[in-house]
Amino acid sequence: MTEKISGAEALMRSLEHEGVDTLFGYPGGAIMPTYDALYDHKETLNHILVRHEQAAVHAAQGYARVSGRVGCCIVTSGPGAMNTITGVADAMIDSTPIVVICGQVGAAMLGTDAFQEVDVVGVTQPISKWNFQIRRPEDIAWAVSRAFFIARSGRPGPVVLDFTKNAQTGMVDYEPQQVNFIRSYVPVPQTDSSIIAQAAKLINQSVKPFMLVGQGVELAGAGKELLALCEKAQIPFGTTLLGLSAAPSDHPLNMGMLGMHGNLGPNVMTNQCDLLIAVGMRFDDRVTGNLATYAKQARIIHFEIDPSEVDKIVKVDVAVLGNCKQTLADVAALVDEAKHDRWIEGFKPYEEKEYNKVIEPALHPKEGPLLMGEVVRKVSEASNNEAILVTDVGQNQMFGCRYFKFTKPRSVVTSGGCGTMGFGLPAAIGATFGAPDRKVCLFVGDGGLQMTIQEFGTIMEQQAPVKIILLNNNFLGNVRQWQYMFFNKRYSFTPMVNPDYELISKAYNIPVRTVVDRKDLDAAIREMLDTDGPYFLQVAVKEEDNVLPMTPPGANVDEMLLEVE
């Protein structure tokens with residue numbers, strides 16, 4: 001039996017029908033009817049008031065990344081909607097399932113340049129998985145269900161709903177809907193059994209196989225299937241930035257991180273293997289380096305759910321389409337048990353070389369200022385390597401991802417494809433709501449922190465237990481490193497004049513401590529992790545520390561620098 005209710009109330013009930021429990025948002029004129037309806041749903045829909053709409057979408061991303069559920073945010077029209085655009089683009093390139101609901105002027109006023117009217121559908125179409133303008137209350141239940149289905153299914157991504165004011169205030173006979181099929185949309189392509197056999201044959205014939213593990217393994221929940229295949233056929237693997245926690249860091253077949261600032265062994269051996277197996281990754285330029293020399297000696301298998309990614313950048317020999325949770329298991333059933341001890345031993349000289357030249361000095365400096373790498377590793381170890389790592393973008397991101405260790409899946413939240421500074425703080429807030437039973441450790445630089453520092457207000461209000469570690473080097477560190485290496489040390493507008501972060505933290509009632517001396521670091525980390533609720537730990541680190549190894553832009557993937565002059 002249907003019930004006549006307002007469109008805004010229909011939205012609330014549709015969100016509840018989709019299992020939404022947390023919303024991040026900021027009210028305004030065009031979305032006010034929806035916020036009025038939300039007032040009566042505070043027991044079931046926990047709304048987190050952020051201090052800027054950009055933070056709402058990044059928090060929804062953080063929530064989605066750690067929970068595996070669809071993140072959701074609500075904002076008003078015009079500038080409110082436009083402030084979410086960066087997050088929508090970020091979620092699109094990093095395959096993060098979110099639904100962004102934007103207020104809009106009434107349908108009768110569309111196209112008149114009414115107050116706070118912006119063509120949200122036109123703006124977001126190229127950067128979202130789907131978008132739709134709700135002009136009638138009768139379309140709400142269908143649109144919401146379709147939005148969540150598209151966001152979460154197949155290769156996940158962002159969906160934008162543009163919600164006109166008349167659709168919010170109009171009355172409708174509400175009946176919940178459940179969209180689980182769209183005729184023109186194939187979220188998971190059909191897997192060809194003959195392709196499975198071809199992939200298994202190539203693996204069985206291989207003497208030097210190497211696997212590239214991407215975030216697709218995390219998104220599919222395919223960690224066990226991945227390890228089952230690798231262990232059976234003894235295939236060493238490396239992980240992308242977003243795929244770091246797809247397998248335990250200490251697994252004997254895990255050779256480390258791929259890419260520009262990844263580990264030496266995986267990058268070098270990419271150009272020495274005879275079979276390259278890519279799983280749930282898209283051959284990003286930061287992973288491949290110079291495409292003209294990338295893995296030219298190898299046959300290539302690509303496990304992928306999105307057909308548009310196959311052969312887009314790297315031509316492959318076998319494309320295994322489908323959900324990798326299933327396709328990895330299917331291939332594993334056909335591969336032979338194998339031993340590749342000699343091949344795996346070949347990684348060790350590179351591992352030892354990197355450890356001696358880069359890792360040991362970064363983790364155990366004998367003197368001088370604190371280094372970012374040692375801070376990251378100490379926090380990781382103090383959390384028993386079980387915490388969720390959230391980073392901003394820059395050197396804090398690279399040091400964080402290089403030296404944090406992982407034992408659990410869905411433990412990395414970072415802006416990969418977009419590289420969005422300001423992402424870290426709101427994403428960490430969202431992560432505390434998506435995984436309330438886990439420690440959330442945010443590593444951030446002094447540049448990125450100031451881009452969304454207003455979210456200290458959200459942390460204060462919610463007592464969101466974010467452990468903020470500011471690696472303060474008084475520079476825009478990553479840009480400074482490039483200026484040092486490639487622009488003759490001309491530090492053009494990268495030195496930072498910073499505020500007193502302790503005073504700011506105290507103003508927001510966030511416990512704070514600053515560490516300058518190495519002897520004080522362990523106790524400060526322990527205090528931070530033992531403190532209930534949020535904590536701000538500022539660490540003064542070496543100003544001109546550099547992230548190494550590094551594949552220079554345009555260089556071959558195996559041409560990594562272990563030191564700079």
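Refer to the structure presented above.
Residues numbered from 1 in each chain as written. Predicted model: local features only at pLDDT ≥ 70, side-chain atom pairs only at ≥ 80, totals over all residues. Heavy atoms only, no water.

Quick rundown of the pattern of salt bridges? Include the residues and the values.
Two side chains that carry opposite charge are able to pair once their charged atoms sit near each other. All told, the structure shown has 23 salt bridges when counted by the stated rule. Of the charged contacts, one joins Asp21 and Arg69 as a salt bridge, the two residues approaching to 2.9 Å between their closest N and O atoms. With Asp21 in the loop between helix 1 (7-17) and strand 2 (22-25) and Arg69 in the loop between helix 3 (53-67) and strand 4 (71-75), this pair connects stretches of sequence that are 48 residues apart. Residues joined in a network through salt bridges with shared partners are Arg155, Asp306, Glu309 and Lys312. (Salt bridge = Lys/Arg side-chain N within 4 Å of Asp/Glu carboxyl O. Helix = DSSP H or I, 4+ residues; strand = E, 2+ residues; numbered from the N terminus.)

If you had to explain the pairing of strand 17 (residues 440-445) to someone new, which residues and values would you point to?
The element strand 17 is largely enclosed, with a buried count of six among its six residues. Here strand 17 shows two buried faces, one formed by Val440, Leu442 and Val444 and the other by Cys441, Phe443 and Gly445. Bridge count between strand 15 (residues 388-391) and strand 17: four bridges; the pairing is parallel. Bridging across to strand 17, Leu389 finds its partner in Cys441. Summarising the sheet, strand 17 and strand 18 (residues 466-472) pair through six bridges and their orientation is parallel. Looking across to strand 18, one finds that Leu442 is bridged to Ile468. (Buried < 20%, exposed > 50% of the residue type's maximum accessible area, 1.4 Å probe, protein only. Pairing = 2+ DSSP bridges.)

Any details on the side chain of Thr452? Residues and values, ideally.
Among the secondary structure elements, Thr452 is positioned in the loop between helix 20 (446-449) and helix 21 (456-462). A residue is classified by how much of its surface remains accessible, and Thr452, at 1% relative accessible area, is buried.

Quick rundown of the packing of helix 17 (residues 372-382) against helix 24 (residues 521-530)? Include the residues and the values.
For the pair helix 17 and helix 24, the least separation of the axes is 10 Å and the interaxial angle reads 45°. Classified by the interaxial angle, the pair formed by helix 17 and helix 24 is oblique. Handedness of the helix 17/helix 24 crossing: right-handed. Contacts between helix 17 and helix 24 involve Val375, Lys378, Val379 and Ala382 on the former and, on the latter, Leu521, Asp522, Ile525, Arg526, Met528 and Leu529. For the contact of helix 17 with helix 24, the class distribution of residues is seven nonpolar, no polar and three charged. (Axes fitted to C-alpha atoms, helices over the stretch in contact; angles between N-to-C directions. Parallel < 35°, antiparallel > 145°, perpendicular 65-115°, else oblique. Left-handed = near helix turned anticlockwise from the far one by under 90°. Contact = heavy atoms within 4.5 Å. Nonpolar A, V, L, I, M, F, W, Y, C, P; charged D, E, K, R; others polar.)

How would you sum up the sheet that holds strand 13 (residues 299-304)? Please name residues and give values.
Overall, parallel pairing links the six strands, which are arranged 11-10-9-12-13-14 in an open sheet. Looking at the sheet topology across the chains shown, the edges are occupied by strand 11 (254-257) and strand 14 (318-321). Direction aside, neighbouring strands of the sheet carry axes that sit 20° apart on average. Here strand 12 (residues 275-279) pairs with strand 13 via five bridges, running parallel.

Can you explain helix 9 (residues 193-205)? Please cite residues and give values.
For helix 9, built from 13 residues, the straight-helix expectation of 18 Å at 1.5 Å per residue is met to within 8% by its first-to-last C-alpha distance of 19 Å. If you check which residues of helix 9 are buried, you get Ile195, Ile196, Ala199, Ala200, Leu202 and Ile203. Burial along helix 9 is one-sided: seen end-on, the buried residues are contained in an arc of 160°. Exposed and oriented more than 90 degrees from the buried face of helix 9 are Ser193, Lys201 and Gln205. (Expected span 1.5 Å × (residues − 1). Arc of directions from axis to C-beta.)

I'd like a description of the packing of aromatic side chains, backed by residues and values.
What the rule picks out here adds up to 17 aromatic pairs. Among the aromatic residues, ring-to-ring pairing joins Phe456, Tyr501, Tyr508 and Phe536 into one connected group. The lysine or arginine in question, Lys42, covers the ring of Tyr39, its NZ or CZ lying 3.9 Å from the ring centre. Sitting over the face of the ring of Trp130, Arg146 holds its NZ or CZ atom 4.9 Å from the ring centroid. (Phe/Tyr/Trp six-rings, centres within 6.5 Å; stacked < 30°, edge-to-face > 60°. Lys NZ or Arg CZ within 6 Å of the ring centre and 35° of its normal.)

An account of the sheet that holds strand 17 is needed here, citing residue identities and associated values.
Strands in a sheet are paired, the pairing made by backbone hydrogen bonds, and the direction either parallel or antiparallel. What the six strands build is an open sheet, ordered 16-15-17-18-20-19; its pairing is parallel. Unpaired on one side and paired on the other, strand 16 (412-413) and strand 19 (512-515) mark the two borders of the sheet.

Give me the lowdown on the nonpolar core, citing residues and values where you can.
Counting 55 residues, the largest nonpolar core has Met211, Leu276, Phe283 and Ile301 as its most contacted members. When residues of this core are assigned to their parent elements, the largest contribution, six residues, is made by helix 9. In terms of nonpolar packing, the next biggest core, distinct from the first, is built from 45 residues, Leu363, Ala387, Cys401 and Leu471 among them. (Core = buried A, V, L, I, M, F, W, Y, C linked by side-chain atoms within 4.5 Å.)

Describe the state of the cysteines, with residues and values.
Taken as a whole and assessed by the stated rule, the structure comprises zero disulfides. We note that Cys73 lacks a disulfide partner, and the nearest cysteine sulfur, in Cys72, lies 6.5 Å from it. On the accessibility criterion, Cys73 (0% relative accessible area) is buried. Note on Cys324: no disulfide assigned, nearest cysteine sulfur contributed by Cys230 at a separation of 12 Å. (Disulfide = S-S within 2.5 Å.)

Lay out the packing of helix 3 against helix 19 (residues 424-434) in plain terms, naming residues and giving numbers.
In the contact formed by helix 3 and helix 19, the axes pass within 6 Å of each other and the chain directions differ by 45°. On the basis of the axis angle, helix 3 is oblique to helix 19. Every pair of crossing elements has a handedness; the one defined by helix 3 and helix 19 is right-handed. When helix 3 is examined against helix 19, the residues Ala55, His58, Ala59, Gly62, Tyr63, Val66 and Ser67 are found in contact with a partner set consisting of Pro426, Ala427, Gly430, Ala431, Phe433 and Gly434. Looking at side-chain class alone, the contact of helix 3 with helix 19 contains eight nonpolar, five polar and no charged residues.

Please give an account of unusual backbone geometry that cites residues and values.
Cis geometry marks the peptide bond from Leu548 to Pro549; its omega dihedral reads -5°. Among the secondary structure elements, Pro549 is positioned in the segment after strand 20 (535-540). A positive phi is found at Ala295, a non-glycine position, where the angle reads about 50°. The backbone phi angle of Gln463 is positive, close to 50°, even though this residue is not glycine. Take Gln463: it is sitting in the loop between helix 21 and strand 18. Overall, Gln463 belongs to the partly exposed group, its relative accessible area being 42%.

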